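Residues per chain, in single letters:
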Amino acid sequence: MAQGAAGREGPAPPDAAGGEDDPRVGPDATGDCVAAASGGRMRDRRSGIVLPGAAGTPADSEAGLLEAARATPRRSSIIKDPSNQKCGGRKKTVSFSSMPSEKKISSANDCISFMQAGCELKKVRPNSRIYNRFFTLDPDLQALRWEPSKKDLEKAKLDISAIKEIRLGKNTETFRNNGLADQICEDCAFSILHGENYESLDLVANSADVANIWVSGLRYLVSRSKQPLDFMEGNQNTPRFMWLKTVFQAADVDGNGIMLEDTSVELIKQLNPTLKEAKIRLKFKEIQKSKEKLTTRVTEEEFCEAFCELCTRPEVYFLLVQISKNKEYLDANDLMLFLEAEQGVTHITEDICLDIIKRYELSEEGRQKGFLAIDGFTQYLLSSECDIFDPEQKKVAQDMTQPLSHYYINASHNTYLIEDQFRGPADINGYVRALKMGCRSIELDVSDGSDNEPILCNRNNMTTHVSFRSVIEVINKFAFIASEYPLILCLGNHCSLPQQKVMVQQMKKVFGNKLYTEAPLLSESYLPSPEKLKRMIIVKGKKLPSDPDVLEGEVTDEDEEAEMSRRMSVDYNGEQKQIRLCRELSDLVSICKSVQYRDFELSMKSQNYWEICSFSETEASRIANEYPEDFVNYNKKFLSRIYPSAMRIDSSNLNPQDFWNCGCQIVAMNFQTPGPMMDLHTGWFLQNGGCGYVLRPSIMRDEVSYFSANTKGIVPGVSPLALHIKIISGQNFPKPKGACAKGDVIDPYVCVEIHGIPADCSEQRTKTVQQNSDNPIFDETFEFQVNLPELAMIRFVVLDDDYIGDEFIGQYTIPFECLQPGYRHVPLRSFVGDIMEHVTLFVHIAITNRSGGGKAQKRSLSVRMGKKVREYTMLRNIGLKTIDDIFKIAVHPLREAIDMRENMQMIQESRFLIEMADTVQEKIVQCQKAGMEFHEELHNLGAKEGLKGRKLNKATESFAWNITVLKGQGDLLKNAKNEAIENMKQIQLACLSCGLSKAPSSGAEAKSKRSLEAIEEKESSEENGKL
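Residues numbered from 1 in each chain as written. Predicted model: local features only at pLDDT ≥ 70, side-chain atom pairs only at ≥ 80, totals over all residues. Heavy atoms only, no water.

Caption draft 1: Structural view of the overall build of the chain. Regarding its fold elements, the chain presents 32 helices and 32 strands. Buried positions account for 54% of the 1027 residues belonging to the chain. Element-wise, carbon and sulfur atoms account for 51% of the exposed surface of the chain, whose accessible area totals about 45100 Å². (Helix = DSSP H or I, 4+ residues; strand = E, 2+ residues; numbered from the N terminus. Buried < 20%, exposed > 50% of the residue type's maximum accessible area, 1.4 Å probe, protein only. Areas by Shrake-Rupley, 256 points an atom, 1.4 Å probe, with all protein chains shown as cover.)

Written out as structure tokens, the structure is:
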């Protein structure tokens, strides 16, 4: 009944009419909520949820300065930016308070107590007026009151019994029609629908925390309206308290109902290892002081109270109450709905949910009765089952039968170094570390050693070296522990002929039949696949001509640093240094023959598919900027290796994303140097089971396709996705290493970075939470458009906001394709890349298309998204009439395909898509095939029409663009049809489960049809918010 009439919100209650006096009316009344929505950074001290009296209001000047600082773009999340400095030169201080004044929300009791104490809320009217009012809940829990008001005190109230529904977010006509609605934070807004006409009382809290308290408390009161006075007395008999009493009694060996404080502290630490002993003792002192007693012994009641306040995360409690329909536990049905609707888990059954409850519920009663209380639910959310990383990507999940050139390859530079390349010693552990991290391309810089024994050393530091034999023995031992796919040895040969022969003998003896020495087949056009080369070791290096009578000869030197130095010398004349190479070493090189890059035109004509070019960082950057499309096309067939500039004497790292965008497969990194660039590299190769090979996007592999590394807009044939990230809270943040401030006080904030093609690169940051490292609440939502998801990465960075320089706390980098939707914990890594135990971010992830739809398992129902302007990918004019006429035929089908995909969140349109998708797709495919028939003759046709040089290249580029669009849109339509079929199946199952499958009467049918049309007309954002 309530839900059915929810859409009929009438005018606001008479007592909210515009006659009330308030000095803050109109735009000025939006106050804090506007600042929160526009990115203003309030400096209130927050720890969990603060009860009345604990919050303060910052000065207007400070808020203005912080707002200006927030608007200034930041170059890096790691490097301090002046725009983020504290106002007034505030310095870090150590809090010596012995009694915390803040109390977390850990039960419905706490919500009710907060509401009875009251707080200021903003009352929103449809006429763009906003009033500040102080709202309280009556002591008898029967009515909600507000003041000031010109009306009689008995009329300025709302009976709890009259409340029909409580909505979180801006989901009523009042909010939609209010001129200032865009400036109001979505998470701070809520509405109370009441009365027979479903009138709405629309309110805005000063924070999302306060809004959650009111929504949870009111929902609890409405659901318990038949016995509203009983819950206070029954709080000690909840399953949670019964379990805690059992735990206490088991540890109370004397059975006196009291135990030493030391024992109680140890017991709570066993239940929650993340808590610090000092914090537990402080909580006991706080509880005892409130009872005007001071002792070293703890009662059962005090133990339970301390545990609940210390171990209840308010954001998890609010989530549990929301999904359990105002209960303080989840049953199997609640958990099933949560897993399907929010977490995107498919094929969930009641038995699976009961098994989860048995594994995570802490109380015996809960396991027996099949419910999950707050502590078990928290443990489940923290478990690996709710990790943000898709478990399917923890194993090899991509097609490994493509040519080697179609994969990004995990690569190391100067692998033998564990320090900087200027003075660092050679160390065998460099190879152990790289191979354990899944590296599939390692470097060996080999020089002559004493006693005819080749060595590896840093030629800037000859005092330390390791023997070549010991290195290849370690490589042989660890080569295929992290991955069974091929390992490439990039051989830097600086040895004399006799010691080259020693190298060959040692490699053959140690590696045996793992060495891949098969000659490449002239009949092939592409390199073998990683699948075919499993457990093989490939040597990359120089090679002599194929004449077997030539036993030795001269080849160009592979010494990259020396070559760069020569090129920068004033005496450089363009000639490369020559070295002698023996036939035996040459014969070990098969499908990775090193050659020098000249230009793309020459390479595309004469380079063999088994030849590989190495580019310095500087040279590759120049080519990527000047010839981005050519670089991508070149890398479809040939391997490219990029190595850091010789100017990086500190062994700092280049940005690998810049070269991955061009399709460069082997981007060599200095594994010994941690930092943001190494974070990107490590995060990227976590996918596909960490095997060291990641399949490139199809748009960068297809023979006829168009892609530019510098694209700043929509990628042809690829549907942009919207990524919604809500940063909810953090857990157990450590103090930054080397921080100058004393004590454990930190002021954390979170940066969310998107890395990918230029159009996708973006960064957003949360507000700073003052002096809270245990459980800072951020509650901020960001939305990013991702145009090429297959190349995108998300990096979460937590920093300590300091007036001198923002200090690094932790980070986590994950490929877009590996994100799991829903409520997830992000395990943060230290600066050197190690997982930090118990240090996490709690986030909510949702992925939709631009219209708000998308794959059900990725979409997550709680996301809200506004409408976006529809964009159509246009075909390009080639300048050859015969071919242009073919592509013109595809214009209408392409528009139809895009319209059908964008509209598919509605039932009727989904049915239309299912019926028409094959027909439209067939038209697109036919145009694509007809166009491809001219591919081989394109240059000849262009020459006949007088196209040459730049115009001919432009025609070829436009042709590839059109083919890419047709192929991509055809695939997207096919996928959309499959998605629509799956969605309709889910709707049908839902109807059957709700008993809606019976044939209705004619009157009921007409009413049902009108209801269906009304539902379909609602915006997807409203539907998602309501769910």
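Caption draft 2: Expanded view of the pairing of strand β6 (residues 189–194). With six of six residues buried, β6 is to be regarded as a mostly interior element. The side-chain alternation of β6 yields two buried faces, one formed by A189, S191 and L193 and the other by F190, I192 and H194. With five bridges connecting them, strand β5 (residues 163–168) and β6 associate as antiparallel partners. Bridge pairing in β6 links I163 to H194. Taken together, the six bridges between β6 and strand β7 (residues 199–204) define a ladder with antiparallel strand orientation. Looking at β7, one finds that F190 is bridged to L203. Between β6 and β7, which pair antiparallel in sequence order, lie four residues; one of them, G195, sits at a positive phi of approximately 80°. (Pairing = 2+ DSSP bridges.)

Caption draft 3: Here's a closer look at the environment of Q322. With respect to the helices and strands, Q322 occurs in helix α10 (residues 314–323). When the C-alpha positions of Q322 and Y220 are compared, they lie 9.9 Å apart, and in sequence the two are 102 residues distant.

Caption draft 4: Here's a closer look at the packing of aromatic side chains. All chains considered together, the criterion is met by 25 aromatic pairs. Consider the rings of Y329 and F371, whose centres lie 4.9 Å apart with planes at 45°: the pair is tilted. Of this pair, Y329 sits in strand β10 (residues 329–331) while F371 sits in strand β11 (residues 371–373), and the two are 42 residues apart along the sequence. With relative accessibility at 30%, the residue Y329 sits in the partly exposed group. (Phe/Tyr/Trp six-rings, centres within 6.5 Å; stacked < 30°, edge-to-face > 60°.)

Caption draft 5: Structural view of the confidence of the model for the chain. Averaged over all residues, the pLDDT of the chain is 80; the fraction at 70 or higher stands at 79%. Of all the helices and strands in the chain, helix α32 (residues 1020–1026) carries the lowest mean pLDDT, 39, while strand β24 (residues 693–695) carries the highest, 97. For the stretch residues 1–101, pLDDT sits under 50, and the model shows 222 contacts to residues farther than four places along the chain or on other chains. Below a pLDDT of 50 lies the segment residues 226–234, which in the model reaches nine contacts outside its immediate sequence neighbourhood of four places, other chains included. (pLDDT = per-residue confidence, 0-100. Contact = heavy atoms within 4.5 Å.)

Caption draft 6: Here's a closer look at the sheet that holds strand β1 (residues 119–124). In space, the seven strands of this open sheet follow the order β4-β3-β2-β1-β7-β6-β5, with antiparallel pairing throughout. Looking at the sheet topology across the chains shown, the edges are occupied by β4 (157–159) and β5. Sheet twist, expressed as the mean angle between neighbouring strand axes with direction ignored, is 30°. Here helix α3 (residues 108–117) sits on the sheet in contact with β1 and β2 (130–137), set at roughly 120° to β2. Against the sheet, helix α5 (residues 208–223) touches β1, β2, β3 (143–147), β5 and β6, its axis set at about 155° to β5. (Axes fitted to C-alpha atoms, helices over the stretch in contact; angles between N-to-C directions.)

Caption draft 7: Local environment of the pairing of strand β26 (residues 748–755). For β26, the buried fraction is high: eight of the eight residues fall into the buried class. Residues of β26 alternate between two faces, with P748, V750, V752 and I754 on one and Y749, C751, E753 and H755 on the opposite face, all of them buried. The sheet contact formed by β26 and strand β27 (residues 762–765) spans four bridges and is antiparallel. Residue pairing in the sheet places E753 in a bridge with E763 of β27. The antiparallel pairing of β26 with β27 creates a hairpin that spans six residues between the two strands.

Caption draft 8: Expanded view of the side chain of K540. Checked against the element boundaries, K540 lands in strand β17 (residues 537–541). Owing to a relative accessible area of 1%, K540 belongs among the buried residues under this scheme. One polar contact links K540 to S594, side chain to side chain, over a distance of 3.0 Å. (Polar contact = N/O pair within 3.5 Å; in protein donor to acceptor, adjacent residues only side chain to side chain.)

Caption draft 9: Spotlight on the side chain of E261. Structurally, E261 is set in helix α7 (residues 261–271). A polar contact is formed between the side chain of E261 and the side chain of R281, at a distance of 3.0 Å. For E261, the contacting residues outside a window of four places in its chain are R281, F284, K285, T295, T296, R297 and V298.

Caption draft 10: Main features of the nonpolar core. Counting 78 residues, the largest nonpolar core has L444 and I475 as its most contacted members. Residues from two domains meet in this core; each of domain 4 (407–543 + 577–700) and domain 5 (721–848) gives at least three. When residues no more than four places from it in sequence are discounted, the contact partners of I475 are Y431, L435, I442, L444, L487, L489 and F511. Counting residues in hydrophobic clusters, the runner-up holds 58 residues, among them I112, L121, L137 and A211. (Core = buried A, V, L, I, M, F, W, Y, C linked by side-chain atoms within 4.5 Å. Domains from an automatic or database assignment.)

Caption draft 11: How the structure looks around helix α12 (residues 350–360). For α12, every residue scored as buried is listed here: C353, I356, I357 and Y360. Summarising the axial view, the buried residues of α12 lie within an arc of 100°, below the 170-degree limit, and thus occupy one face. In α12, the exposed positions that point more than 90 degrees away from the buried face belong to D351 and K358. Residues of α12 that are buried sit in contact with β10, α11 (332–341), α13 (364–369), β11 and α14 (374–382). (Arc of directions from axis to C-beta.)

Caption draft 12: The pattern of salt bridges, seen in detail. Scanning all chains against the criterion turns up 40 salt bridges. The closest approach of N and O atoms between R648 and E617, which form a salt bridge, is 2.7 Å. Taken together, the residues span a long stretch of sequence, with R648 in the loop between β22 (639–643) and α23 (656–660) and E617 in helix α21 (residues 617–626) at a distance of 31 residues. Between D779 and K726 there is a salt bridge whose closest N-O contact spans 3.5 Å. In this pair, D779 is assigned in strand β28 (residues 777–786) and K726 in strand β25 (residues 721–731), connecting sequence segments 53 residues apart. Here D779 falls in the buried class, since its relative accessible area comes to 10%. One salt-bridge network, in which partners are shared between bridges, spans E261, D262, E277 and R281. (Salt bridge = Lys/Arg side-chain N within 4 Å of Asp/Glu carboxyl O.)

Caption draft 13: Inspection of unusual backbone geometry at higher detail. Phi is positive for Y198, close to 55°, though the residue is something other than glycine. Within the secondary structure, Y198 sits in the loop between β6 and β7. Positive phi, close to 50°, is recorded for D779, a residue that is not glycine.

Caption draft 14: Inspection of α11 at higher detail. With seven of ten residues buried, α11 is to be regarded as a mostly interior element. Along α11, the positions that sit buried rather than exposed are A332, D334, L335, M336, F338, L339 and A341. Each element contacted by the buried residues of α11 is listed here: α10, β10, α12, α14 and β31 (822–829). Measuring from the backbone nitrogen of N333 back to the side-chain oxygen at the start of α11 gives 3.1 Å, which picks out D331 as the cap.

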